[in-house]
Amino acid sequence: MTSTTQPLSERITAPAEVRFPQPLAGVTWRPMTVEDVKPVFELRKLVGRVDHPSYSLTLEEIEHEITADELDRAHDTVIGIDVNGRAVAYGIVVLQPSQATLVRSAFEGHVHPDRRGEGLDEVLLDWLEDRGLQQLASSDKTLPGWFMTAVPRQAEEMLELLRGRGFDFRRNWFELVRDVTEPIPDIPLPDGARVETYGPQWAEKTRIARNDAFRDHFASQPLTIQEWFSHDSLPIARADLSYVVIMPDETGEEQVAAFAMTDINEHDWDQLGFRFGYIPYVGVRRDWRGMKLAPAVLSHLLKAYREAGLVKAVLDVDADSPTGAVELYERIGFVMTSRSVSVLKEY
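Below is a short write-up of the structure. Please read all numbers here as calculations on a predicted model, not as lab measurements. Counting of residues starts from 1 at the beginning of each chain's written sequence and follows it residue by residue. It should be noted that, the model being predicted, local features are given only for residues of pLDDT at least 70 and side-chain atom pairs only at 80 or more, the latter also being counted only at that level, while totals for whole chains, interfaces and linings use all residues. Just so you know, side-chain values use all the structure's heavy atoms and leave hydrogens and water out.

1. Digging into the pattern of salt bridges
For step 1, the next point in the chain: Salt-bridge detection follows one rule: a side-chain nitrogen of Lys or Arg within 4 Å of a carboxyl oxygen of Asp or Glu. Across all of its chains, the model carries 25 salt bridges by this definition.
For step 2, the next point in the chain: Between Arg 163 and Glu 160 there is a salt bridge whose closest N-O contact spans 4.0 Å. Highlighted residues: Arg 163 and Glu 160, both in helix H6 (residues 156-164), separated by 3 residues, approximately one helical turn.
For step 3, the next point in the chain: For each residue, the accessible area found with a 1.4 Å probe, counting protein chains only, is set against the maximum for its type, and the residue is called buried under 20%, exposed over 50%, and partly exposed in between. For Glu 160, a relative accessible area of 52% corresponds to the exposed category.
For step 4, the next point in the chain: A salt bridge links Asp 168 to Arg 170, with the shortest nitrogen-to-oxygen separation between them at 2.5 Å.
For step 5, the next point in the chain: Under the relative-accessibility criterion, Asp 168 is labelled partly exposed at 31%. Helix and strand assignments come from DSSP, with helices taken as H or I runs of at least 4 residues and strands as E runs of at least 2, each series counted from the N terminus.

Next comes the structure, spelled out in structure tokens:
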């Protein structure tokens, strides 16, 4: 990351005003409203079938994204409407609230597969980048500033467009899948450790454990209480299939030493043809690394998936994880099925 003593507000020249794109190819642009949740959801499904067929977002996730407290819909969102009143493009750019080591403006932009090649992608990215620059330039912090997104490797047109605009292809990610109907190894816990099903009593200690475990991970920033509990409230969050390893600290107080969390989006089951759970987080606190807690809690989770009638477990992992996560997952039976990449501009 860039090291500097100059604040972002002095390092970045941002437009004073970001206007919505001019009408193009029969498409007009405006900010999103809460009434756009369902049209955006339907558009995202169509985009996903082409760009990332292995996963989708639920209606509740789209609603959560569009109504998030940190999102200023009037300035941070844009939607393109065609002459028939259909949503054919949209973009969101959010200044992430956690800024411990990095100020990050995260964006996403999508165009209906049938409307690509008409210039809509370009004007959408113009708008997103101008707004992202505004967000970064609003900070007086001397931290690095990143304008970034993640793109599936199969979305070749978008990747080529971003490459031509000077984005740095910074980090690769692997999607890994494990068939839970295959034998699952028994991995014992060390003395003094036990596995508990995740629940409200462990929520805050698990958030703290997650922030500690991911401190050295690419672009990771601490999750706020609001961010953690907001995700817990989503229908996809499955506490009953999420697990924590409990161990005493030096004072004897019980802490979450390791964790493996589960999301389940049943809408994806029909699309992919099998029942699976998605694992958004697996981690071990620094003080308890080297004790095989990650494979132990994963083994417990995989067996629970099998007992719940699921067929596979899916997760995404940093290809260059500093903790050797790829090798850990491969040893427990995960195999790579697809890739994505983090792209960014750094200021």
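2. Topic: the nonpolar core
One broad rule of soluble globular proteins: the nonpolar side chains tend to lie buried together.
For step 1, the next point in the chain: The nonpolar core is taken to be a set of buried Ala, Val, Leu, Ile, Met, Phe, Trp, Tyr and Cys residues, with the residues joined through side-chain atoms within 4.5 Å. Within the largest apolar cluster, 39 residues are counted, with the highest numbers of intra-cluster contacts made by Ile 279, Leu 293, Leu 302, Tyr 305, Val 317, Tyr 329 and Phe 334.
For step 2, the next point in the chain: For this core, the secondary-structure elements that each account for two or more residues are strand E6 (168-179), strand E8 (243-248), strand E9 (254-260), strand E11 (282-284), helix H10 (293-307), strand E12 (312-318) and helix H11 (325-331).
For step 3, the next point in the chain: Of the residues forming this core, the biggest block, 8 residues, is contributed by H10.
For step 4, the next point in the chain: Ranked by size, the runner-up nonpolar core spans 30 residues in total, among them Val 27, Leu 128, Ala 137 and Leu 161.

3. Section: the packing of helix H5 (residues 120-137) against H6
For step 1, the next point in the chain: One can describe the packing of H5 onto H6 by two numbers: an axis separation of 11 Å at closest approach and a directional angle of 50 degrees. Relative to H6, the element H5 lies oblique. For the crossing formed where H5 meets H6, the hand is right-handed. Where H5 abuts H6, its residues Asp 121, Glu 122 and Leu 125 lie against Met 158, Leu 161 and Leu 162.
For step 2, the next point in the chain: Classifying every residue of the contact of H5 with H6 by side-chain character gives 4 nonpolar, no polar and 2 charged. Axis definition: a line fitted to C-alpha atoms, over the contacting stretch in the case of helices. Angles run 0 to 180 degrees between N-to-C directions. Throughout this description, any angle smaller than 35 degrees is read as roughly parallel, any larger than 145 degrees as roughly antiparallel, any in the 65 to 115 degree range as roughly perpendicular, and the remainder as oblique. The handedness criterion is simple: a crossing whose near helix is rotated anticlockwise from the far helix by less than a right angle is left-handed, and one whose near helix is rotated clockwise is right-handed. Two residues qualify as a contact provided that any one of their heavy atoms is within 4.5 Å of a heavy atom in the partner residue. In the scheme used here, Gly and all other residues not listed as nonpolar or charged are polar, with Ala, Val, Leu, Ile, Met, Phe, Trp, Tyr, Cys and Pro taken as nonpolar and Asp, Glu, Lys and Arg as charged.

4. A look at unusual backbone geometry
Excluding glycine, a negative phi dihedral is what most residues carry, and trans is how most peptide bonds are arranged.
For step 1, the next point in the chain: Positive phi values are uncommon outside glycine, yet Ala 219 reaches one of about 65 degrees.
For step 2, the next point in the chain: With respect to the secondary-structure elements, Ala 219 resides in the loop between helix H7 (200-213) and helix H8 (225-232).
For step 3, the next point in the chain: The backbone phi angle of Lys 292 is positive, close to 60 degrees, even though this residue is not glycine.

5. Description of the environment of Ala 193
For step 1, the next point in the chain: With respect to the helices, strands and loops of the structure, Ala 193 is situated in the loop between E6 and strand E7 (194-197).
For step 2, the next point in the chain: Leaving out residues up to four positions away in the same chain, Ala 193 has contacts with Val 245, Ile 246 and Met 247.

6. Structural notes on the sheet that holds E12
For step 1, the next point in the chain: The pairing criterion for strands is at least two bridges between them, as found by DSSP. Pairing in this open sheet of 9 strands is mixed, and the strands run E1-E2-E3-E4-E5-E13-E6-E12-E10 from one edge to the other. Strand pairing shows two members of the sheet lacking a second neighbour, strand E1 (28-30) and strand E10 (276-278), which therefore form its edges. Direction aside, the axes of adjacent strands within the sheet are offset by 20 degrees on average.
For step 2, the next point in the chain: Relative to E12, E10 runs parallel, the two sharing 3 bridges. Note that in E12 the partner of Phe 276 across the bridge is Lys 312.

7. Some words on the packing of aromatic side chains
For step 1, the next point in the chain: Aromatic pairing here means that ring centres of Phe, Tyr or Trp (its six-membered ring) are within 6.5 Å. Orientation follows from the plane angle: under 30 degrees is stacked, over 60 is edge-to-face, and everything else is tilted. Under the counting rule described, the total for this entry stands at 10 aromatic pairs.
For step 2, the next point in the chain: Grouping aromatic residues by their ring pairs yields a cluster made of Phe 107, Phe 147 and Phe 167.
For step 3, the next point in the chain: We call a charge positioned over a ring when the NZ of a Lys or the CZ of an Arg lies within 6 Å of the ring centre and within 35 degrees of the ring normal. Directly above the aromatic system of Phe 169 lies the positively charged group of Arg 163, at a separation of 4.3 Å from the ring centroid.
For step 4, the next point in the chain: Its guanidinium or amino end placed over the ring of Phe 167, Lys 345 lies 4.9 Å from that ring's centre, counting from NZ or CZ.

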